Amino acid sequence: MPNPMPAPTEEEIRDIVAGQLHLEGPLLPILHAVQRSFGHVPQAALGVIAEALNITRAEVHGVMSFYHDFREVPAGRHVVRICRAEACQAMGADALAARTLEKLGTAWHGTTANGAVTVEPVYCLGLCACGPAAMVDNRVVGHVDDAKMDTLLSEAGA
Amino acid sequence: MRIWVPRDSAAKALGADAVAEAVAVEAAARGLDVQIVRNGTRGMIWLEPLVEVEQDGVRIGYGPVSPGDVPALLDGKMRSLGPVEDLDWMQRQDRLTFARVGVIDPLDLADYEAHGGLAGLRRAIAMTGAEIVAEVTGSGLRGRGGAGFPTGIKWNTVLNAEADRKYIVCNADEGDSGTFADRMIMEGDPFCLIEGMAIAGLGVGATRGYVYLRSEYPDAIAVMQAALRVARGAGVLGPDVLGSGTAFDMEIRVGAGAYVCGEETSLLNSMEGKRGVVRAKPPLPALEGFLGKPTVVNNVLSLATVPVIFEKGAAHYAGFGLGRSKGTMPIQIAGNVKRGGLFETGFGMPLGDLVNEVAGGTATGRPVKAVQVGGPLGAYFHPDQFDTPFGYEAFDRAGGLIGHAGVVVFDDSADMLKMARFAMEFCAVESCGKCTPCRIGAVRGVETIDRIAQGDADAIALLADLCETMKDGSLCALGGFTPFPVMSALERFPDDFGRQREAAE
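*Asks:* Please explain the overall build of chain A as it appears in this structure.
*Replies:* In terms of regular secondary structure, chain A is built from seven helices and four strands. If you list the helices and strands of chain A from N to C, you get α-α-α-α-β-α-α-β-β-β-α. If one aligns the C-alpha atoms of chain A with their principal axes, the spans along those axes are about 50 × 30 × 20 Å. Out of the 158 residues belonging to chain A, those deemed buried represent 56%. Restricting to contacts in chain A with at least 6 residues of sequence separation, those with at least 24 account for 60%. Roughly 6,800 Å² of accessible area belongs to chain A as shown, and the carbon and sulfur atoms make up 53% of that amount. For chain A, the distance from the average position of its 11 positive side-chain charges to the average position of its 18 negative side-chain charges is 5 Å.

Structure follows, in structure tokens:
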């Protein structure tokens, strides 16, 4: 995850949007591209996107807020996702998640006080035969127990 | 000497990258000439990282391997599992869709061709669109995403639709817990999916394809994107597919974390840049799909099975299976099991054999309490129902569904009231909000189950009534099928719904 950075300028946003306009149905690719660059989709981007696609700002907001992936504010430096789906539950994911949240002193979607880690639920990483599963940024981890989670969290600086 | 270390996410999640690095370092230290191939997974996840070493042309397996085991492995001092192909798990399967997964280097097109790849596409190029569609119809292939709709009939509708543009859309939004077959194909044999989509394009007259791939699968996204570049470079995709004079190209679209986008109409809305809200049918996507044009929407497994049907013939494929459930099904065994992974077999194996013999029972060693088949919208089966043969019709008769063929096993520590509550909670979180039975029903469902948990016996009838409404009144499978896990838990595990009541009294 990128470090906090200065607010993007309208020109920077416009460039990113322009890079996706040739696609059929470009709105999701645009939102992904903006988030990839800035770590979130800043409010300032909504108007730029709306103008480029000739739709209303409310429509852009409606789409963005529908999907779990898009953030209105930046996450912590690392995002730890813990699978909550049934196969991982069968291997004790509920207890693992509860202990992790307690250790970090935050609720789901919360960020640690030092800004290092945001913790989120995820419903299936496709690691259902080696649960409980987690993902740190884009790195997958299986058979996560308390000790493994402690290592992941300390590596992430939590 | 060739050494295979899988690059599949499940292998990576268990440390395969560190093992591959250790193999490289230790081999160099020993002056060994080693070629490391990062293959897909064989599907024996309990053995991952499963390293294979070529000895006299035979691939000998070792696993699970940790980086610390690598010196012994290279010095021939680690105990082997024997030839991987001879392992019981492999021998008991009929691998058609997954024939190459774990065997080849996923991004090596020559390796793909050497293992039967592109033979199907070459055969299809010599056929007319109608002949291609007839071949798929003759194979008996049914939609592997869950609904089980005959693939050939869907293709035929698109073939006969008049339009200036048609699309092939691959549904790779594999969100069901307990399923990972789509991911395994995309990471382990991406050209197979590409070839299947190209054949679909030739068949129905579509020149453009999309793979809608969930964002939770970053490794699959990376492999698919790399494979598209290779395929384009080799002329498998592009303006003149393998010299056929016909164009077909495709791109990857990344989802954004909405489970409901696995529903085909919601997926199409999402691809068009809208909220992933379900569309009422009709019109069918086959007539008015992506951007209002005729569109084939098929699951990864359906499309990835097409090449082998063309390579070996429809009759060969239809020769496997049970009754109207023809062919093979890649079954994914997951949750609390001793041996979890992917097991492709003809339809018809009893559920109990899968759980007890193939999977070897639970990982914890405790008795099996419940098995959920078909993802979060699938029913919970009781061990009393273990004689149910794995197939669309048999599971329907038993009050369940096979869905995407995920089998999730729970031991006796599972609380089925909690699982029923989770099903409703999940539906509430993921509902697209278009229809009332799903949007409101799921929230009321959580509340009603909480009342049952607090000992309110009257709430049980209310829950049954609510489930009936959701089943009959929802627009899509999310609201319509959530009653499966809820009611099956309630009916087959009544003790879990009465225990709290006795405690309260």
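*Asks:* I'm lost on the overall build of chain B in this one. Help?
*Replies:* Tallying secondary structure elements over chain B gives 22 helices and 16 strands in all. Scaling as 2.2 N^0.38, a compact globule of 505 residues should have a C-alpha radius of gyration of about 23 Å, and chain B matches this with 23 Å. Here the C-alpha coordinates of chain B stretch approximately 75 × 60 × 40 Å along the principal axes. Sorting the 505 residues of chain B into buried and exposed places 62% on the buried side. Considering only residue pairs separated by 6 or more positions, chain B has 69% of its internal contacts joining residues 24 or more positions apart. On chain B, the mean spot of the 48 positive side-chain charges and the mean spot of the 64 negative ones are 3 Å from each other.

*Asks:* So what exactly am I meant to see when it comes to the pairing of strand E3 (residues 51-55) of chain B here?
*Replies:* A regular strand places its side chains on the two faces of the sheet in alternate fashion. Residues and elements named next belong to chain B. Sheet topology places strand E1 (residues 2-4) next to E3; two bridges connect them, and they run antiparallel. Residue pairing in the sheet places isoleucine 3 in a bridge with valine 53 of E3. Between E3 and strand E4 (residues 58-62), which pair antiparallel and follow one another directly, the connecting turn spans two residues, one of which, aspartate 56, has a positive phi of 50°.

*Asks:* Is there a simple way to think about the environment of B:Gly235 in this case?
*Replies:* All names here are of chain B. Along the chain, glycine 235 turns up in the loop between helix H11 (218-233) and strand E8 (249-254). In this structure glycine 235 comes out as partly exposed when scored by relative accessible area, which is 22%. Linking glycine 235 and phenylalanine 248, residues 13 residues apart in sequence, is a C-alpha distance of 10.0 Å. Beyond its immediate chain neighbours, meaning those up to four positions away, glycine 235 contacts Asp240, Val241 and Leu242.

*Asks:* Could you clarify how one ought to interpret the layout of surface pockets in this entry?
*Replies:* Residue and element names in this part refer to chain B. Approximately 1,300 Å³ is the volume found for the second largest pocket. What lines the second largest pocket is a set of 50 residues, among which Gly145, Gly146, Ala147, Gly262 and Ala477 lie closest to the centre. Those elements that provide at least two residues to the lining of the second largest pocket are helix H8 (151-160), strand E9 (295-299), helix H16 (392-397) and helix H20 (477-481). Residue classes in the lining of the second largest pocket are distributed as 19 nonpolar, 19 polar and twelve charged.

*Asks:* What exactly am I supposed to notice about the sheet that holds strand E7 (residues 208-213) of chain B here?
*Replies:* Within a sheet, each strand pairs with its neighbour through backbone hydrogen bonds, oriented either parallel or antiparallel. Residue and element names in this part refer to chain B. The sheet built from four strands is open, its strands ordered E8-E7-E6-E9 with parallel pairing. Strand pairing shows two members of the sheet lacking a second neighbour, E8 and E9, which therefore form its edges. Neighbour-to-neighbour, the strand axes of the sheet open up by a mean angle of 20°, direction not taken into account. Looking at chain direction, E7 and E8 are connected through six bridges and run parallel.

*Asks:* Can you walk me through H8(B) in this structure?
*Replies:* Since there are 3.6 residues in each turn of an α-helix, residues three or four apart along the chain are aligned in direction. Residues and elements named next belong to chain B. Along H8, the residues classified as buried are Thr151, Gly152, Lys154, Trp155 and Val158. One side of H8 carries all its buried residues, which in axial view fall inside an arc of 160°. Where H8 is buried, its residues meet helix H7 (129-139), helix H10 (190-204), helix H12 (264-271), E9 and helix H13 (300-312).

*Asks:* Help me understand the pattern of salt bridges in this model?
*Replies:* A side chain with one charge may pair with a side chain of the opposite charge, provided their charged atoms come close. All names here are of chain B. Per the counting criterion, the structure on display carries 40 salt bridges over all chains. Between glutamate 85 and arginine 42 there is a salt bridge, with the nearest N and O atoms lying 3.1 Å from each other. With a gap of 43 residues between them, glutamate 85 in the loop between strand E5 (82-83) and helix H4 (88-91) and arginine 42 in the loop between strand E2 (35-37) and E3 connect regions that are remote in the sequence. Residue classification places glutamate 85 among the partly exposed positions, given a relative accessible area of 44%. Owing to a relative accessible area of 2%, arginine 42 belongs among the buried residues under this scheme. Here arginine 123 ties to glutamate 135 by a salt bridge, and the two come within 3.1 Å at their closest N and O atoms.

Analysis parameters
- Residues numbered from 1 in each chain as written.
- Chains lettered and ligands numbered in written order.
- Predicted model: local features only at pLDDT ≥ 70, side-chain atom pairs only at ≥ 80, totals over all residues.
- Heavy atoms only, no water.
- Helix = DSSP H or I, 4+ residues; strand = E, 2+ residues; numbered from the N terminus.
- Buried < 20%, exposed > 50% of the residue type's maximum accessible area, 1.4 Å probe, protein only.
- Contact = heavy atoms within 4.5 Å.
- Areas by Shrake-Rupley, 256 points an atom, 1.4 Å probe, with all protein chains shown as cover.
- Lys, Arg positive; Asp, Glu negative; His and termini not counted.
- Charge placed at Lys NZ, Arg CZ, Asp CG, Glu CD.
- Rg over C-alpha atoms; globule rule 2.2 N^0.38 Å.
- Pairing = 2+ DSSP bridges.
- 1 Å grid on protein atoms, 1.4 Å probe; cavity = no way out; pocket = protein on both sides within 12 Å on 5 of 7 lines; lining within 4 Å.
- Points joined across faces, edges and corners; volume = space filled by probe spheres on them.
- Nonpolar A, V, L, I, M, F, W, Y, C, P; charged D, E, K, R; others polar.
- Axes fitted to C-alpha atoms, helices over the stretch in contact; angles between N-to-C directions.
- Arc of directions from axis to C-beta.
- Salt bridge = Lys/Arg side-chain N within 4 Å of Asp/Glu carboxyl O.

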